[in-house]
Amino acid sequence: MSLTTDLSQATPPGGKAAGNTRSHAGGAATGNTVPARRRGSRQRRERLFQWLFLVPAVVYMALFFGYPVVKNVVMSFQDYTTATFFTGEAPWVGLANYATVLSSSLFSTSLLNTALFTVGSILGQFVIGLALAIYFQRKFPLNGILRSLLLLPWLLPLIVSSAVWRWILDKDSGALNRFLGDLNIVDTGVPWLTSTSLALIAVVGVNIWIGIPFNLTILYGGLQEIPDELYEAGSLDGATGWKAFRHITWPMLRPVVSVVLVLGVVYTLKVLDIILGLTNGGPANSTQTIATQSYALSFQEFKFGEGAALGNILVIISLVFAVLYLRASRRAVDE
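Quick caveat, the model's predicted, so the values are computed rather than measured. (Residues numbered from 1 in each chain as written. Predicted model: local features only at pLDDT ≥ 70, side-chain atom pairs only at ≥ 80, totals over all residues. Heavy atoms only, no water.)

Q: Is there a simple way to think about the packing of aromatic side chains in this case?
A: Where two aromatic rings form a pair, the distance of their centres and the angle of their planes describe that pair. If you walk through the whole model with that rule in mind, you get 16 aromatic pairs. Geometrically, the ring pair formed by Y80 and F304 is edge-to-face, given 6.2 Å between the ring centres and 90° between the ring planes. Taken together, the residues Y80 in the loop between helix 2 (16–75) and helix 3 (84–87) and F304 in helix 15 (residues 304–334) connect sequence positions 224 residues apart. With a relative accessible area of 12%, Y80 lands in the buried category. (Phe/Tyr/Trp six-rings, centres within 6.5 Å; stacked < 30°, edge-to-face > 60°. Helix = DSSP H or I, 4+ residues; strand = E, 2+ residues; numbered from the N terminus. Buried < 20%, exposed > 50% of the residue type's maximum accessible area, 1.4 Å probe, protein only.)

What follows is the structure, given as structure tokens:
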């Protein structure tokens, strides 16, 4: 009888113990599923909030950048005049506006002046900015204060800078001619802004002065990211001075240089305020660029279609330069 009792009390295979095992396994599976669902819903909410934060920026870009670009492209294929504002009629003319501005005798002059103005400005800004960035790497008293003061030309409104430089470069009462006269370098006032041979040089000089702080700031930040250990290791191999700059500084700084040059060229191509404030494109169109010509066509002659066409040509030139330069830089890095 005791044997029967023991057998009856024994746990049969697949009985309670097995059931408990299955119940624990099912509970574990259910417990893992619930957190996974919660994580999924949490990720969806985070993604939704990310898009909600991006919506204002996207709307802003679409309204204030996208719409003007599209409108400018459409306008360049229309006969858009002041009458259009009243009648709403702007007949399609196809490529007539582009043909008119490209065949204009002033376009070749504007294109050459744009190239000279851009190359001269970028070269001067970059060389002086890089030299100052390297100089300010040294620790000396008032280093930070001097770097802050050099940002002033960049912070001033361009029209204010143009007004100040117009007074400085004035032929009769300008500060520069007075200074040169006191040093007995010149006898009479130099017509910096009224001479066809000097006006473009003067405008380039002013633009260099304005653009130096941008180059200095970006290049100085890039120099700060170069590890000192590289210079220490290079000095052991005799790479100091110019050799250190050529084999360490320049290769490490190349990505920053690409950004500075591309942004500098795109910005310089569309410079308008400085030229209008100093010379207004004169004398005799010696400082007329594509940007100033587009402005004159649109807001002085009220030929909005031709002005839009010229503006689009300037955009295409900027894009072509940026693409070609970035590809060349990437190829140089890969090699």
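Q: So what exactly am I meant to see when it comes to helix 4 (residues 96–103) here?
A: Side chains three or four residues apart in an α-helix point the same way, a direct result of the helix having 3.6 residues per turn. Turning to helix 4, its buried residues number three or more, namely N97, Y98 and V101. For helix 4, the angular spread of buried residues about the axis comes to 95°, placing them on one side. (Arc of directions from axis to C-beta.)

Q: Which parts of the structure should I look at to understand the pattern of salt bridges?
A: Opposite charge on two side chains permits pairing when their charged atoms draw close. Summed over all chains, the structure comprises 1 salt bridge. E301 is paired through a salt bridge with K303; the nearest N and O atoms lie 3.6 Å apart. By relative accessible area, K303 is classed as partly exposed at 37%. (Salt bridge = Lys/Arg side-chain N within 4 Å of Asp/Glu carboxyl O.)

Q: Would you take a moment to explain the environment of Q288 for this structure?
A: Residue position: Q288 is located in the loop between helix 13 (273–278) and helix 14 (290–299). Here Q288 falls in the buried class, since its relative accessible area comes to 8%. Considering only alpha carbons, one finds Q288 and L200, 88 residues apart in sequence, at a separation of 8.9 Å. Other than its neighbours up to four places away in sequence, Q288 contacts L106, T109, S110, N113, G281 and Q293. A polar contact is formed between the side chain of Q288 and the side chain of T292, at a distance of 2.6 Å. (Contact = heavy atoms within 4.5 Å. Polar contact = N/O pair within 3.5 Å; in protein donor to acceptor, adjacent residues only side chain to side chain.)

Q: I'm lost on the nonpolar core in this one. Help?
A: As a rule of thumb, nonpolar side chains are buried together in soluble globular proteins. By size, the foremost hydrophobic cluster in this structure holds 29 residues, and its most contacted members are F126, L219 and L310. Secondary structure elements with two or more residues in this core: helix 4, helix 5 (105–135), helix 10 (199–224), helix 12 (242–269), helix 14 and helix 15. With 8 residues, the top contributor of residues to this core is helix 12. Beyond its immediate stretch of four places on either side in the chain, L219 contacts F126, G129, L130, A133, L253, V256, V257 and V260. (Core = buried A, V, L, I, M, F, W, Y, C linked by side-chain atoms within 4.5 Å.)

Q: In this structure, what is going on with a positive patch on the surface? I would like to understand it.
A: Judged by side-chain charge, R38, R39, R42, R44, R45 and R47 come together as a positively charged surface patch. With respect to the secondary-structure elements, R44 resides in helix 2. (Patch = residues over 30% accessible without salt bridge, like charges linked within 9 Å, V, L, I, M, F, W, Y side chains within 5 Å. Areas by Shrake-Rupley, 256 points an atom, 1.4 Å probe, with all protein chains shown as cover. Lys, Arg positive; Asp, Glu negative; His and termini not counted. Charge placed at Lys NZ, Arg CZ, Asp CG, Glu CD.)

Q: What's the story with unusual backbone geometry in this structure? I'm lost.
A: Most peptide bonds are trans, and most residues other than glycine sit at a negative phi. Here the amide bond leading from G282 into P283 is cis, since omega sits at -5°, within 30 degrees of zero. The residue P283 is located in the loop between helix 13 and helix 14 in this model. Its identity as a non-glycine residue notwithstanding, A284 has a phi of 55°, on the positive side. Looking at where A284 falls in the secondary structure, it is placed in the loop between helix 13 and helix 14. Among the residues examined, A284 registers a relative accessible area of 70% and is labelled exposed. In the Ramachandran plot, N285 falls in the positive-phi region, its phi being about 60° despite a non-glycine side chain. Looking at the secondary structure, you find N285 in the loop between helix 13 and helix 14.

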